[in-house]
Amino acid sequence: MEAAEDFRWMFSAEYPAVVRTVFLVLHDYARSEEIAQDAFVQLLRHWEKVRRYEAPDAWVRRVAIRLATRDAKRERRRAVLARGTIERDPVEPSPVATIDPDLVAALRRLPAKQRSVVVLFYFEDRPMEEIAEIVGCSVSTGWVHLHRARKRLATLLSEEVGNDVH
Amino acid sequence: MSIDRRLREGFRQAADALTPDSLAALHAVERRAQRRQRRAVVVQLAAAAVVMALVLVGLPWAVGQWQRPDTAAPPAPASGLAGEYVVDIGESGLTRSEGMVGRWIIRLTRDGAIVLVPPDSFQGSRTGMSYQVDGDQIRTNAFVNDLCGAASSADPVGTYRWSRTASMLRFTVVTDSCEARRLFLEDQPWEEVP
């Protein structure tokens, strides 16, 4: 298959999923599309090389998640600089997909990396080995992020949290 | 409901409600990639032109220098910035939360080390920091052990342009994604201790 056609096929298959994942990290639809497109622009630049990889979709997802994490950190830092505390970070309802606004509000209180781990684990159903690779940490650190995030979310949402992750 | 179930269901519902327009996005991505490629070609051509110009101008000059007797000045000290400085870090969300507010004493040594005496409220690392001067620019890994280190997403090294008056040293950021270091270096001038 020709490289350009190959890329288009890959784009059609993966772009919606990447947008959804980034959206669940950022809860800003326009920004999620921008970040997903930034990741695919990078993929296209390196396509000749990446297309030979075993999982080019993991490559683009890693770029997108890292861009999203950086963006979320910048947003948090701006909030901290502006108000002196992250606890008062306002939760603006997203115009898209506010199915569970309390859940969104609670997720926005998590550090960016924890958010990414939670989304990759619960939404993408990825094993922790892959999640660690994508977010750029060790597997044990990935588990720590996940357990801390669950505990915090359970407190914020008054939900039950067991020791085992389901 | 368990938190695990709520997360799975919440994510699934939110994601199902999203329907990105893949075709429009594909066109946008291809256009942007082409623009970027064109820009890269222009930059490469410009760089090649600059190199050619430098060769054409610099070669005769270098030959002239080589033929002149050696009257070169002794090498400059490692850094014209070496000395002791004080700076008062003001209140902001980040400086308050990191305990940075207050008077800092900074010693830039000739061999490129940075020695810090922070205010009592600062609990971060104060060792292992260095700087390097290159013309009017300075590269530094200040706060690399914590505020600008691996745990943050910031670059470990920042680049600044420096300028000085009789007793003041001032920095302007060139590239640095570390907020704490920018506040430390750029927000107020450093006053040299005579």
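Per chain, residue numbering runs from 1 following the sequence as it is written. Think of it this way: whatever chain is written first is A, whatever ligand is written first is 1, and the rest follow in order. Selection of residues for local features in this predicted model requires a pLDDT of at least 70, selection of side-chain atom pairs for listing and counting requires 80 or more, and totals for whole chains, interfaces and linings are taken over all residues.

Caption draft 1: Geometry of the overall build of chain B. Helix and strand definitions follow DSSP, with helices as H or I runs of at least four residues and strands as E runs of at least two, each counted in order from the N terminus. On a plain count of helices and strands, chain B comes out with four helices and eight strands. Each helix and strand of chain B, placed in order from N terminus to C terminus, yields the pattern α-α-β-α-β-β-β-β-β-β-α-β. Labels follow a simple rule on C-beta atoms placed from the backbone: if 20 or more others lie within 10 Å of a residue's own, it is buried; if 12 or fewer, it is exposed; otherwise it is partly exposed. Every one of the 194 residues in chain B was classed for burial, and the buried ones make up 20%. Here the contact rule is simple: place C-beta atoms from the backbone, and any two residues whose C-beta atoms are within 7 Å are in contact. Taking as baseline every contact in chain B between residues at least 6 positions apart, the subset at least 24 positions apart corresponds to 37%.

Caption draft 2: Focus on the packing of helix α6 (residues 112–122) of chain A against helix α1 (residues 3–16) of chain B. Between N-to-C directions, angles cover 0 to 180 degrees, with each direction set by a line fitted to C-alpha atoms, over the stretch in contact for helices. Where α6(A) meets α1(B), the closest approach of the two axes is 10 Å, and the angle between their N-to-C directions is 85 degrees. Comparing their axes, α1(B) and α6(A) come out roughly perpendicular. Residue-level inspection shows A:V118, A:V119 and A:Y122 of α6(A) in contact with α1(B), the latter providing B:L7, B:R8 and B:F11. Orientation is classified from the angle alone, with under 35 degrees giving roughly parallel, over 145 giving roughly antiparallel, 65 to 115 giving roughly perpendicular, and any other angle giving oblique.

Caption draft 3: Molecular detail of the interface of chain A and chain B. Contact residues are listed per partner, giving 43 residues for chain A and 30 residues for chain B. Put simply, the parts of the chain that give the side of chain A that touches chain B at least two residues each are α1 (3–26), α2 (29–45), α4 (56–83), α6 and α8 (139–157) of chain A. Residue contributions to the side of chain A that touches chain B peak at nine residues, all from α1(A). Here the side of chain A that touches chain B is composed, by residue class, of 25 nonpolar, six polar and twelve charged. Note on residue classes: Ala, Val, Leu, Ile, Met, Phe, Trp, Tyr, Cys and Pro are nonpolar, Asp, Glu, Lys and Arg are charged, and everything else, Gly too, is polar.

Caption draft 4: Structural detail: the packing of α1(A) against α2(A). Residue and element names in this part refer to chain A. Direction vectors running N to C along α1 and α2 enclose 140 degrees, while the axes themselves pass 8 Å from each other. Between α1 and α2, the angle falls in the class oblique. Like other packed secondary-structure pairs, α1 and α2 cross with a definite hand, here right-handed. Here α1 contributes F7, F11, Y15, V18, V19, V22, F23 and L26 to the contact with α2, which in turn contributes Y29, R31, S32, E33, I35, A36, A39, F40 and L44. The class makeup of the residues in the contact of α1 with α2 is 14 nonpolar, one polar and two charged. Two helices crossing with the near one rotated counterclockwise from the far one by less than a right angle form a left-handed crossing, whereas a clockwise rotation gives a right-handed crossing.

Caption draft 5: How the structure looks around unusual backbone geometry. Non-glycine residue A:H27 carries a positive phi angle of around 60 degrees. Following the sequence through the fold, A:H27 ends up in the loop between α1 and α2. One non-glycine residue, B:F143, lies in positive phi territory at about 65 degrees.

Caption draft 6: Representation of the nonpolar core. Residues and elements named next belong to chain A. Take the buried Ala, Val, Leu, Ile, Met, Phe, Trp, Tyr and Cys residues, join any whose C-beta atoms are within 7 Å, and the set you get is a nonpolar core. Counting 50 residues, the largest nonpolar core has V22, A36, A39, F40, A64 and A68 as the members making the most contacts within it. By residue number, the principal contributor to this core is α1, which donates ten residues. If we skip the residues at most four places from it in the chain, A39 touches V18, V60, V63, A64 and L67.

Caption draft 7: Region of the structure containing the sheet that holds strand β3 (residues 113–117) of chain B. Residues and elements named next belong to chain B. Strand order in this closed barrel of eight strands is β1-β2-β3-β4-β5-β6-β7-β8, and the pairing throughout is antiparallel. In this sheet, neighbouring strand axes are inclined to one another by 35 degrees on average, regardless of whether the strands run parallel or antiparallel. Where strand β5 (residues 137–140) meets strand β6 (residues 158–164), four bridges bridge the pair, whose relative direction is antiparallel. The residue bridging R139 from the neighbouring strand is T159, located in β6. In the packing of helix α4 (residues 179–186) onto the sheet, contacts are made with β1 (83–89), β6 and β7 (168–175), and the angle to β7 comes to roughly 150 degrees. The rule for pairing is simple: two strands pair if DSSP sees at least two bridges between them.

Caption draft 8: Molecular detail of the confidence of the model for chain B. All names here are of chain B. Confidence per residue, as judged by the predictor, is encoded in pLDDT with a range of 0 to 100. Residues with a pLDDT of 70 or more make up 91% of chain B, whose mean pLDDT is 83. Long-range and interchain partners of residues 70–78, a stretch whose pLDDT sits below 50, account for five contacts in this model, where long-range means more than four residues apart. Model confidence for the complex: the whole-complex pTM is 0.55, and ipTM, which rates the interface, is 0.79.

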